[in-house]
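# Observations on chain architecture
Here is how the chains run, residue by residue.
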Amino acid sequence: MLQPILQIRQTPALIGIDADLGTFSITQPKAEVNITTTPGELSIQSSRPELTIDQSRARAAYNGGSVLDMNKRIYSGIQQLYLQGLARKVEQGNRMAEFFKAGNTIAEIYGTDTEPNSFPEPLGPASYDNVDIYFDTRAPEINFRAAQVDIQVERHRPETEYTRGKLNIYMQQYASVQYIPPEVNVQM
């Protein structure tokens, strides 16, 4: 005969967990860059070349030049002519003192002296090189200032944002114990 058995049914407890992960959001605004440029500067100062032309000797050769220069030439020329004339008269006198020599007659000494005394030359000497040209140049003054670049950078810190995830813990099934007694036969 079978003996009745007590049945025990057990249901375990189940815990339900519903979880979503949290999220990170990191943003960083762009850095602000300010660039300031001072342009380079180049300055050049140059003076005009100087051209000097001296034509005084050419003018003296053409028309005597200035009155003062012409008078100087005439005056110094008259002194020369006077000294030359004086030397010629002395020579003629010396020849006259030796009248007894042949060819020293009055007619030969003074008769051949028919040329007029010349007037001094009022003009300067003519030459192909009577014009003086002077050309004066000066080196330019060059000043240079290099360009300058100024860079300013403004950084922005990163902005970090965290959104929490969801965590829900609940009882999905409660634990239980069930006792089922055997059927008892009451008939006897």
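Note that the structure is predicted; figures quoted are calculated from it, not measured.

What counts, and at which threshold
Residues numbered from 1 in each chain as written. Predicted model: local features only at pLDDT ≥ 70, side-chain atom pairs only at ≥ 80, totals over all residues. Heavy atoms only, no water. Helix = DSSP H or I, 4+ residues; strand = E, 2+ residues; numbered from the N terminus. Rg over C-alpha atoms; globule rule 2.2 N^0.38 Å. Buried < 20%, exposed > 50% of the residue type's maximum accessible area, 1.4 Å probe, protein only. Contact = heavy atoms within 4.5 Å. Expected span 1.5 Å × (residues − 1). Arc of directions from axis to C-beta. 1 Å grid on protein atoms, 1.4 Å probe; cavity = no way out; pocket = protein on both sides within 12 Å on 5 of 7 lines; lining within 4 Å. Points joined across faces, edges and corners; volume = space filled by probe spheres on them. Nonpolar A, V, L, I, M, F, W, Y, C, P; charged D, E, K, R; others polar. Phe/Tyr/Trp six-rings, centres within 6.5 Å; stacked < 30°, edge-to-face > 60°. Salt bridge = Lys/Arg side-chain N within 4 Å of Asp/Glu carboxyl O.

### Quick notes on the overall build of the protein chain
Looking only at helices and strands, the protein chain has 3 helices and 12 strands in total. The C-alpha atoms of the protein chain give 69 Å as radius of gyration, which overshoots the globular expectation for 188 residues (16 Å, by more than 25%). With the C-alpha coordinates of the protein chain rotated into their principal frame, the extents come out at 225 × 30 × 20 Å. Evaluated residue by residue, the protein chain yields a buried proportion of 8% over its 188 residues. Restricting the contact set of the protein chain to residue pairs at least 6 apart, pairs at least 24 apart contribute 92%.

### What to know about helix H2 (residues 67-97)
The first and last C-alpha atoms of H2 sit 44 Å apart over 31 residues, in line with the 45 Å expected at 1.5 Å per residue. Three or more residues of H2 are buried, namely Ile74, Gly77, Gly85 and Gln92.

### Things to note about helix H1 (residues 56-63)
Since the α-helix advances by 3.6 residues per turn, residues separated by three or four positions end up pointing in the same direction. Residues Ala58, Ala60 and Ala61 constitute the buried set of H1. The buried residues of H1 occupy one face: seen down the axis, they fall within an arc of 160°. Across from the buried face of H1, at angles greater than 90 degrees, the exposed residues are Tyr62 and Asn63. Where H1 is buried, its residues touch H2. In the segment just after H1, glycine 64 is the residue with positive phi, at about 95°.

### Here we look at the layout of surface pockets
One number sums up the size of the largest pocket: a volume of about 190 Å³. In this structure, the largest pocket is lined by Leu81, Tyr82, Gln84, Gly85, Leu86, Arg88, Asp113, Glu115, Pro116, Asn117 and Ser118. Here the lining of the largest pocket is composed, by residue class, of 4 nonpolar, 4 polar and 3 charged.

### A look at the packing of aromatic side chains
All chains considered together, the criterion is met by 1 aromatic pair. Ring centres 5.0 Å apart and planes at 50° place the aromatic pair phenylalanine 24 and tyrosine 162 in the tilted group. In this pair, phenylalanine 24 is assigned in strand S3 (residues 23-27) and tyrosine 162 in strand S10 (residues 159-163), connecting sequence segments 138 residues apart.

### Topic: the pattern of salt bridges
It is possible for side chains bearing opposite charge to pair when their charged atoms get close. One pass over the full model with this rule turns up 6 salt bridges. Aspartate 20 serves as the salt-bridge partner of lysine 166, at 3.9 Å between the closest nitrogen and oxygen. Residue lysine 166 is located in the loop between S10 and strand S11 (167-173), and its partner aspartate 20 is located in the loop between strand S2 (14-19) and S3; the two are separated by 146 residues in the primary sequence. By relative accessible area, which is 43% here, aspartate 20 ends up partly exposed. One salt-bridge network, in which partners are shared between bridges, spans Asp18, Asp20 and Lys166.

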